[in-house]
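Each chain is listed here by its residues.
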Amino acid sequence: MSIHQNNDAMKKWQDVAKKELKNRSVESLAITSPEGIVYQPLYTAADLKKHDYTPSLPGTAPYTRGPRATMYRGRPWTIRQYAGFSSARESNKFYKQNLSEGQKGLSVAFDLPTHRGYDSDHPMAEADVGKAGVAIDSVEDMKVLFDGIPLDRMSVSMTMSGAVLPILACYIVAAEEQGVAKHQLRGTMQNDILKEYLVRNTFIYPPKPSMRIVAQILAYTSKHLPLFNGISISGYHMQEAGADSVTELAYTLANGLEYINSALDAGLAIDDFAPRLSFFFGIGMNFFMEIAKLRAARKLWYELIQPFKPKNPKSSLLRMHCQTSGYSLTAQEPYNNIIRTTIEAMAGVLGGTQSLHTNAFDEAIALPTPFSAKLARNTQLILQHETDICHTIDPLAGSYAVESLTAEVYAKARALIEEVTAEGGMMQGMDSGMIKAKIEEASAAKQARLDSKEDKLIGVNHYVHGHDIKSEKNLNILKVNLEKIKREQFESLQRVKASRDQDLVTKSLYEIEQTAQDPKKNLVPPVINAIRHRATIGECSFALEKVFGRFEPSLTAVSSVYFKTYSDKQELEEVSARVNSLSDTLGRRPRILLVKLGQDGHDRGIKVVATGLSDLGFDVDMGTLFARPKEAAKQALENDCHIIGVSSQAGGHLTLVADLKKHLDSMGGSHIRMIAGGVIPEDDYEELTKLGCQAIFGPGTSLVTCAHTLLDILGNTTKPSSSQVSTAN
């Protein structure tokens, strides 16, 4: 680190600081972030000169200070809540309540079977219907979802990339039958398939036909839905998967460039669609870094767009939605999450977001309750109405520290984008595995810093009070009645199929297949036609799958990163020694199969666990994504595993673990120990223990603690008592 001013005032400061530090150098105060950016202890005007800082005005190029001249003085950010659970009817009630209490836009969360193009009665959907979002099987469900909500006046954001065609069609047809024309619809469809292959995994088809779908939705919405954003390019899920702020920014904008090139190749002009592109960023706990990221994003995007020679100034504007981090939420002392979310929300606002979602404090444990969702929404209302944050446009402009960080984030992100471009773009980087590897390495390193307490997490690895978690939380957990919602969805599907004209449905599905075979034809119109005739989400998706195929992903994990980053090497050596000792007893290394069951594609946790346990000496196998319990049991037996670990993030764990146990027993695998981990309500621990789980690891569990527990289990020939079940401490 260096201080850039050598004048008398600076020298005097250095002398005083050195005395306060008891003769340590001022340079010792510097902190290097995971992005490789040095936080200086003091920023001065010299830093702005170093970065060639040029003041700009909001609403003017390069838009660092905001895409609109008046920003929140003219119109505050849109308050959104990402929500959806159980049935369309229950979600509709929830939306109406939220809107009556100050929410200004809807953000729809769909359940995992809907994302993956399965109707609720499909065997692959059996554990996940209505669990992590609302189940939508046909336009009738979509009509119920928006019943009494005027779609000509309500901005609707839909987080959907896999089954994006039939969901968009359902939205359009539901609006038509509400009396709302396409050109009146406003909102956003995520439609960001590249980040699905990188981190989120709710895809259906292979990349090439999926990119065709993206481009054709952009073409259709640009022409017929002029107020609607045909895509929201998401960095949020990259941050949740472990990417640092610079990596999230760079890869998000690089994905944006990939979509632009795809749309241009499809015959669109840049000004046909670029004004309706939107972006979606995560906001974590590095307050000033996140503010700098959002400011740098606008400047960088403006410059990246210029080679396409746009004539419309709006083509160069980066407009964004932000969401506070889910990764920063903890199951331990969950009320601390209210504070974390408030800090993150302030960073998003001071960075100049156009809309914002604030996570509820209980989301590290289960779906948010109406109470926790209200507190999250009120966080934004208080910021917007009770503080002076909205009084001044970009109030941090000119700050030595913020402007310096903005410049450094910009420069590092630009260099990373140039690296991707040199590799042939994001599609090529994705195919080679380079992009995923970088994100996964960052994720493993982050976990190692948390486990070794280098990164502080209050109530988890610092200031842990040892209170009884359950009594301290006293939380009402929202639980979805799986059997009830499945029964309701089955009955709804039966009614739809009994009342429709099957000949028209068959004809319209055949039309989708025929259109899919001709890359020049747009897929949106035939899917809308099929949905009008009451074809289901699953039927439309399968019609496309017959032509495109279904993408089959694999799970892999990086190695050595956890061990290299963990600061207390002696602790790691102790675990490794125990592994080696047990290996001598067993005659081979302890072997664990880690599996994701059902339609949950959140794989950050399972990959981090695989990396850490492998670095500590375990033999680690990984199942395929979206595995069924029978397949996982078979793999565990074939690989002669000692333990099978189930990673759960989406609420289907009780159904899936029960099914896994049944298949293990029937195949002669009752000797294989079961464990579970992830976002699992503590109220479910007892039931999982009865099903045979010998340890349950909640969010925040150190991998070193996890390893010791596994070694205890394998060193114990008798079934552990319930006292041996791990909590998230």
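Above this text you will find the structure in question.
Reference entry: report on the structure contained in this document. (Residues numbered from 1 in each chain as written. Predicted model: local features only at pLDDT ≥ 70, side-chain atom pairs only at ≥ 80, totals over all residues. Heavy atoms only, no water.)

## Observations regarding the packing of aromatic side chains
Any pair of aromatic rings gets described here by the distance separating the centres and the angle formed by the planes. Rule in force here: Any Phe, Tyr or Trp ring, taking Trp's six-membered ring, that has another such ring centre within 6.5 Å forms a pair; planes under 30 degrees apart are called stacked, those over 60 apart edge-to-face, and the others tilted. Note on conventions: DSSP H or I runs of at least 4 residues are helices, E runs of at least 2 residues are strands, and numbering of each starts at the N terminus. Working definition: with a 1.4 Å probe on protein chains only, accessible area under 20% of the residue-type maximum means buried, over 50% means exposed, and in between means partly exposed. Working rule: Lys NZ or Arg CZ, within 6 Å of ring centre, within 35 degrees of ring normal, means a charge sits over the ring.
A complete count under the given rule lists 16 aromatic pairs for this structure. Both rings, one in Phe-361 and one in Phe-371, keep their centres 6.5 Å apart while their planes meet at 80 degrees; by these two values the pair is edge-to-face. Highlighted residues: Phe-361 in the loop between strand S11 (355-357) and helix H15 (370-385) and Phe-371 in helix H15, separated in sequence by ten residues. The exposure class assigned to Phe-361 is buried, which follows from its relative accessible area of 5%. Through a chain of ring-to-ring contacts, the aromatic side chains of Tyr-197, Phe-203, Phe-551 and Phe-626 assemble into a single cluster. Taking NZ or CZ as reference, Arg-116 lies 3.5 Å from the ring centre of Phe-626, over its face.

## As for the sheet that holds strand S13 (residues 619-622)
We count it as follows: Two strands pair if DSSP finds at least two bridges between them. Here an axis means a line fitted to C-alpha atoms, over the contact stretch when the element is a helix, while the angle between two N-to-C directions is reported on a 0 to 180 degree scale. Between two residues, a contact is recorded if the distance between any of their heavy atoms is within 4.5 Å.
Strand order in the open sheet made by the five strands is S13-S12-S14-S15-S16, with parallel pairing throughout. Each having just a single partner strand, S13 and strand S16 (693-697) make up the two edges of the open sheet. Strand-to-strand twist of the sheet, defined as the mean angle between neighbouring strand axes without regard to direction, takes the value 20 degrees. Sitting on the sheet, helix H27 (residues 629-638) is in contact with strand S12 (591-596), S13 and strand S14 (643-648), with an inclination near 165 degrees to S12. Lying on the sheet, helix H30 (residues 703-714) is in contact with S12, S14, strand S15 (673-678) and S16; it crosses S16 at an angle near 175 degrees.

## Here's the deal with the nonpolar core
This is how it is decided: Among buried residues, the Ala, Val, Leu, Ile, Met, Phe, Trp, Tyr and Cys ones that are joined through side-chain atoms within 4.5 Å form a nonpolar core.
In terms of nonpolar packing, the biggest core is built from 104 residues, with Tyr-251, Leu-253, Phe-281, Trp-301 and Leu-710 touching the most fellow members. Once residues lying within four places of it in the same chain are set aside, the contact partners of Leu-710 are Ile-592, Leu-613, Phe-618, Ile-643, Ile-675 and Phe-697. Counting residues in hydrophobic clusters, the runner-up holds 55 residues, among them Tyr-95, Tyr-171, Val-173 and Ile-531.

## Topic: the packing of helix H7 (residues 164-177) against helix H22 (residues 524-532)
Put simply, the rule is: For classification, angles of less than 35 degrees are called roughly parallel, those exceeding 145 degrees roughly antiparallel, those between 65 and 115 degrees roughly perpendicular, and all remaining angles oblique. By definition, turning the near helix anticlockwise from the far helix through less than a right angle yields a left-handed crossing, and turning it clockwise yields a right-handed one. Residues are grouped as follows: Ala, Val, Leu, Ile, Met, Phe, Trp, Tyr, Cys and Pro are nonpolar; Asp, Glu, Lys and Arg are charged; all remaining types, including Gly, are polar.
Where H7 meets H22, the closest approach of the two axes is 9 Å, and the angle between their N-to-C directions is 60 degrees. Considering the angle they form, H7 stands oblique to H22. When the axes of H7 and H22 are compared, the crossing they make is right-handed. Residues Leu-165, Pro-166, Ala-169, Cys-170, Ile-172, Val-173 and Glu-176 of H7 form the contact with H22, whose participating residues are Val-524, Val-527, Ile-528, Ile-531 and Arg-532. Residues that form the contact of H7 with H22 fall into these classes: ten nonpolar, no polar and two charged.

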